[in-house]
Amino acid sequence: MEPLRCDGRRLMGRLDQLGAVGRLEDGSCCRLALTDEDRQGRDLVVSWMRELGLEVRVDRVGNLIGLRRGSEDLPPVMTGSHIDTVATGGPFDGCLGVLAGLEVVQVLNEHGVTTRRPLAVAVFTNEEGVRFQPDMAGSLVYAGGLPVAEALALVGIDGRRFGAELERIGYAGTLEPGAIVPHAFVELHIEQGPILDQEGEALGAVANLQGISWTEVTLHGRANHAGTTPMGLRRDAGHGAARLACFVHDLAQELGGVGTVGSLRLAPNLINVIAREAVATVDLRHADEQVLAAAERRLEAFLQDLRAQGLGVETRRLARTEPVVFDPGTVRVIEQAAASLGQRIRPMTSGAGQDAQMLARICPAAMIFVPSQGGVSHNPAERTDPRHVQLGADVLLRTLLTLAEERP
Ligand code: GLV
Ligand code: MN
Ligand code: MN
């Protein structure tokens, strides 16, 4: 019998439909977590889950789980990802993992396949961490790394509370997060970087993932006249912030990791006034925990220098995760699934944070990557070739089928 294949066109069709929710004039997908646009995206995904016969459960932090029965009442094999986006997102980040999970379910339904273990397709809340920090908050709670009450109390960049917004959009469920412990978790995601595309590879098997350190830095200077204040008499928060951005860039290059000052607000932000205050975010990442911790110490020493030069400095930790090594057994199942399709699959490190890294705390977990054209993501120009979408979904299908037959 011909092995089962996903319907890549149908999957691309759903990606288009979900991508249209919250689309801005410049083509960006803007579905920040727990906004009205996120609600509309959730409503669409839930309607598809119901059409496919999944039992939809919603937990107390808004994680959605669509369950498909197996022939035995065993812990399910879970797949999925997130549908929240950054404000300048593309249609594939996260959505591919969720909608490929639904495509797998549809193929199994159409062929009358009942797996031994149940299958679960999950949508985790606030993966991006743009509106509410930390990132991966829903899957972090799911894995027991953040208490529900703390997640509900998070305050967003717009001053709104996570818990209130969850209620407002109608997705405050009653299921205890983590009540359903998966047998295994496999997430299909776009690479969001240049490696597969540059090397002409179609598939990646993600073996590990970088640690992430997010800090908000507030610099306090003194506002004064830009024309009359001699250079030696300034306490210029804008200059401090510019030096911080250069420092982070150079540090990351020196240590072989990545570093970004992606957000910077100056006050009063006027052409002829020395900045009184600068609020900047620092995103440091490295696959080696010791190097990441050393980078954090170097950042602290740099901020100490700024203090010595007369600026006030405050820091607030927004997120911190250690590097993760995925389950080698699950990575092997993914590799075998690719091999059974006659496909090579390249070992990869994920540069992006992922829900799978949180699920790895409670069950064997791993990821499949497909290429991002030009290595572009978090950008409306984010694209993945439909042939790669098809291949990624087929590898996911086979991987889930293998895991779902595993005996207790
Ligand atoms: C999520 O996309 C992240 O890696 O910041
Ligand atoms: Mn993502
Ligand atoms: Mn993202």
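Further up the page is the structure itself.
Enquirer: Tell me what's going on with the coordination of the manganese ion (ligand 2), and back it up with residues and numbers.
Expert: Surrounding the manganese ion (ligand 2) are the protein donor atoms His82 (NE2), Asp93 (OD) and His189 (NE2), at 2.0 to 2.3 Å. Sequence spacing of the donors to the manganese ion (ligand 2): H-x10-D-x95-H. The distance between the manganese ion (ligand 2) and the manganese ion (ligand 3) comes to 3.7 Å, with Asp93 serving as a donor to both metals. Here the residue His82 occupies a position in the loop between strand E3 (77-81) and helix H3 (95-110), and Asp93 occupies one in the loop between E3 and H3, the gap between them amounting to eleven residues. Residue classification places His82 among the buried positions, given a relative accessible area of 0%.

Enquirer: Give me the pairing of E3: which residues, what numbers.
Expert: Burial analysis of E3 places five of its five residues in the buried class, the great majority of the element. Here E3 shows two buried faces, one formed by Val77, Thr79 and Ser81 and the other by Met78 and Gly80. As defined by bridge partners, E3 adjoins strand E4 (residues 119-123) across five bridges and the pair is classed as parallel. By the bridge assignment for E4, Val77 is matched with Leu119. Note that the unit made of E3, H3 and E4 has a crossover that is right-handed. Where E3 meets strand E5 (residues 184-190), three bridges bridge the pair, whose relative direction is parallel. The partner of Val77 across the bridge, within E5, is Ala184.

Enquirer: Tell me what's going on with the site of ligand 1, and back it up with residues and numbers.
Expert: Taken together, Glu127, Glu128, Trp214, Arg285, Ala352, Gly353 and His378 make up the full set of residues near ligand 1. Contact distances for ligand 1 include 2.8 Å between an oxygen atom and a side-chain N or O atom of Arg285. With the chains in place, 95% of the 190 Å² that ligand 1 exposes on its own is no longer accessible. For the shell around ligand 1, the class distribution of residues is two nonpolar, two polar and three charged.

Enquirer: Please provide a residue-by-residue account of the coordination of the manganese ion (ligand 3), values included.
Expert: Note on the manganese ion (ligand 3): its protein donors are Asp93 (OD), Glu128 (OE), Glu128 (OE) and His378 (NE2). The metal-donor distances range over 2.1 to 2.5 Å. One chain supplies every donor for the manganese ion (ligand 3), spaced along it as D-x34-E-x249-H.

Enquirer: Would you mind going over the packing of aromatic side chains in detail, with residue names and values included?
Expert: Counting across every chain of the model gives four aromatic pairs. Site record: aromatic cluster; members linked through ring pairs are Phe124, Tyr142 and Phe185. For the cation-ring pair, Arg14 lies above Trp48, with the distance from its terminal atom to the ring centre recorded as 5.4 Å. Over the ring of Tyr171 we find Arg42, and its NZ or CZ is 5.1 Å from the ring centre.

Enquirer: Please provide a residue-by-residue account of the nonpolar core, values included.
Expert: The biggest cluster of nonpolar side chains holds 101 residues, and the ones touching the most others in it are Val45 and Phe326. At ten residues, H3 tops the list of elements feeding residues into this core. Split by domain, this core shows at least three residues from each of two domains, domain 1 (8-210 + 323-404) and domain 2 (211-321). In this structure Phe326 touches Val206, Ala207, Asn208, Leu209, Val331, Ala356, Gln357, Ala360, Ala365, Ala366 and Met367, once residues within four positions along its chain are discounted. Core analysis: the next-biggest nonpolar cluster, separate from the first, contains 21 residues, Val217, Leu219, Leu251 and Leu292 among them.

Conventions adopted
- Residues numbered from 1 in each chain as written.
- Chains lettered and ligands numbered in written order.
- Predicted model: local features only at pLDDT ≥ 70, side-chain atom pairs only at ≥ 80, totals over all residues.
- Heavy atoms only, no water.
- Donors = N, O, S within 2.8 Å, 3.2 Å for Na, K, Ca; no water.
- Helix = DSSP H or I, 4+ residues; strand = E, 2+ residues; numbered from the N terminus.
- Buried < 20%, exposed > 50% of the residue type's maximum accessible area, 1.4 Å probe, protein only.
- Pairing = 2+ DSSP bridges.
- Right-handed = clockwise from strand over helix to strand, strands pointing away.
- Near = heavy atom within 4 Å.
- Polar contact = N/O pair within 3.5 Å; in protein donor to acceptor, adjacent residues only side chain to side chain.
- Areas by Shrake-Rupley, 256 points an atom, 1.4 Å probe, with all protein chains shown as cover.
- Nonpolar A, V, L, I, M, F, W, Y, C, P; charged D, E, K, R; others polar.
- Phe/Tyr/Trp six-rings, centres within 6.5 Å; stacked < 30°, edge-to-face > 60°.
- Lys NZ or Arg CZ within 6 Å of the ring centre and 35° of its normal.
- Core = buried A, V, L, I, M, F, W, Y, C linked by side-chain atoms within 4.5 Å.
- Domains from an automatic or database assignment.
- Contact = heavy atoms within 4.5 Å.

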